[in-house]
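The chain contents come next:
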Amino acid sequence: MSHMMRAIEISAPGGPEVLRETVCPVPVPGAGQVVIRLAYAGVNRPDALQRAGAYDPPAGASPLPGLEGAGHIVAVGAGVTRWQIGDAVCALFPGGAYAEYAATDAGQVLPVPAGMSLKAAACLPETFFTVWSNVFMRGRLQAGERFLVHGGSSGIGTTAIQLAHAFGARVFATAGNEGKCAACIQLGAERAINYREQDFVEVLQAEGGANLILDMVGGDYIVRNLKALADDGRLVQIAFLQGPKSAVSFAPLMMRRLTITGSTLRPQSDAAKAAIAAELEAKVWPLLRDGRLAPVMDSEFALADAGAAHARMESSVHIGKIVLKVGD
């Protein structure tokens, strides 16, 4: 393995055109880390936020974009016992996955599920870590509960629909056109609400309210989500496509015992991410191996075309996951 690699850097904060190919040193694993030679990297909304200058990497992380990918381990740091050189894995990264090689903490690495391609496996970590930690760990979704996910055709949405359905919840999703709504139904939603034509608050209230809502929209959805919740319902916020501020009366929280929570994955500790990884491997990886779940794939771009991949993601025409092909 050579000491230099191809990677995509953010040349300056801005639009998709600021992503450009560069050459930089191959990372060396620190204690407890592994270095992975990537075959594919997943493209995610936080990558676009970082590119725009709105989401700095955590201290010590690579300044390169890229939070997930799949490939083969080429180096292991001191104290790593589980992984060996040559293992086929997918992983969550603190940054740096838009590159031929990237380093991450060994606790954030998972085996490629048996029978799954590296391309599909590259799409698992960011969305599955996010959905599992927010919907099941933080949101405590139970079988039989009514679950509403906004942006149902996104990478997060398609994952949340499948996981909630697999664990016995009743799933409702919002999406912006009939094709996206049809995709949500196919993945396990019992109702897909075209938000351009129907009010999700009315739909959910008619069903008795949502026990749990996963939202990445924010803005005026915050107040509407609270109206759409059942008594004792929970709202979990994971992003703000429409902004983080809203005027909210807290009286209904008391009267109806509502919970508002949320999280973002990237700043959490290695230990917290390892705990999520362990739950995923125990509870979700068997479903992936059995073919009961699979990432919904939208499109593939060459690493050098990362800007075009970002433009597609930000146009919101995609259904499911966008990947960059990095290796051979």
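Above this text sits the structure in question.
Just so it is clear, the structure is predicted and the values come from calculations on it, not from any experiment.

Student: Can you explain the overall build of the protein? Please cite residues and give values.
Tutor: For the protein, the helix and strand inventory stands at eleven helices and 15 strands. The C-alpha atoms of the protein give 19 Å as radius of gyration, which agrees with the globular expectation for 328 residues (20 Å, within 12%). Expressed as lengths along the three principal axes of its C-alpha atoms, the size of the protein is roughly 60 × 40 × 35 Å. Buried positions account for 54% of the 328 residues belonging to the protein. Put simply, of all contacts in the protein between residues at least 6 apart along the chain, 66% involve residues at least 24 apart.

Student: Summarise the sheet that holds strand S12 (residues 229–237); cite the residues concerned and give the values.
Tutor: Backbone-to-backbone hydrogen bonds join strands into a sheet, with any given pair of strands oriented parallel or antiparallel. Spatial strand order, S10-S9-S8-S11-S12-S13: six strands in an open sheet with parallel pairing. Strand pairing shows two members of the sheet lacking a second neighbour, strand S10 (191–194) and strand S13 (259–262), which therefore form its edges. The sheet shows a mean angle of 20 degrees between the axes of neighbouring strands, direction not considered. In terms of strand pairing, strand S8 (residues 146–149) meets strand S9 (residues 170–175) through four bridges, oriented parallel. Within S9, the residue paired with Leu-148 across the bridge is Phe-172. Along the sheet face, helix H5 (residues 178–187) touches S9 and S10 and points at about 165 degrees away from the line of S10.

Student: Residue-level account of the packing of aromatic side chains, with values.
Tutor: Across all of its chains, the model carries four aromatic pairs by this definition. Aromatic side chains Trp-132 and Phe-136 sit 4.4 Å apart centroid to centroid with 15 degrees between the ring planes, which places their arrangement in the stacked category. Taken together, the residues span about one helical turn, with Trp-132 and Phe-136 both in helix H3 (residues 125–138) at a distance of four residues. Judged by relative accessible area, which is 3%, Trp-132 ranks as buried. Seen from their ring centres, Phe-200 and Tyr-221 are 5.1 Å apart, and the 45 degrees between their planes marks the pair as tilted. On the criterion of sequence distance, the pair formed by Phe-200 in helix H6 (residues 200–206) and Tyr-221 in helix H7 (residues 221–228) is long-range, its members being 21 residues apart. What makes Phe-200 buried here is its relative accessible area of 0%. By the ring-pair criterion, three or more aromatic residues cluster together here, those being Trp-132, Phe-136 and Phe-167. Here Arg-224 stacks its cationic end above the ring of Tyr-221, 5.0 Å away from the centre of that ring. Above the ring of Tyr-55, the side-chain terminus of Arg-266 is found at 5.4 Å from the ring centroid.

Student: If you had to explain the pairing of strand S6 (residues 101–105) to someone new, which residues and values would you point to?
Tutor: Within S6, five of the five residues are buried, which leaves the element mostly enclosed by the surrounding structure. Sheet analysis places strand S3 (residues 33–43) next to S6, joined by five bridges and oriented antiparallel. Looking across to S6, one finds that Val-34 is bridged to Thr-104.

Student: Please provide a residue-by-residue account of the pattern of salt bridges, values included.
Tutor: Inspection of the entire model under this criterion finds 15 salt bridges. The partner of Asp-199 in a salt bridge is Arg-224, and the shortest N-O contact between them spans 3.1 Å. In this pair, Asp-199 sits in the loop between S10 and H6 while Arg-224 sits in helix H7, placing the two residues 25 residues apart along the sequence. Residue Asp-199 is classed as partly exposed on the basis of its relative accessible area, which comes to 26%. Using a relative accessible area of 24% as the deciding quantity, one classes Arg-224 as partly exposed. Salt-bridge contacts for Asp-298 lead to Arg-312; the nearest nitrogen and oxygen are separated by 2.5 Å. Here Asp-298 is found in strand S14 (residues 297–302), whereas its partner Arg-312 is found in helix H11 (residues 306–315), with 14 residues between them in sequence. A residue is classified by how much of its surface remains accessible, and Asp-298, at 22% relative accessible area, is partly exposed. By relative accessible area, which is 28% here, Arg-312 ends up partly exposed.

About the cut-offs
Residues numbered from 1 in each chain as written. Predicted model: local features only at pLDDT ≥ 70, side-chain atom pairs only at ≥ 80, totals over all residues. Heavy atoms only, no water. Helix = DSSP H or I, 4+ residues; strand = E, 2+ residues; numbered from the N terminus. Rg over C-alpha atoms; globule rule 2.2 N^0.38 Å. Buried < 20%, exposed > 50% of the residue type's maximum accessible area, 1.4 Å probe, protein only. Contact = heavy atoms within 4.5 Å. Pairing = 2+ DSSP bridges. Axes fitted to C-alpha atoms, helices over the stretch in contact; angles between N-to-C directions. Phe/Tyr/Trp six-rings, centres within 6.5 Å; stacked < 30°, edge-to-face > 60°. Lys NZ or Arg CZ within 6 Å of the ring centre and 35° of its normal. Salt bridge = Lys/Arg side-chain N within 4 Å of Asp/Glu carboxyl O.

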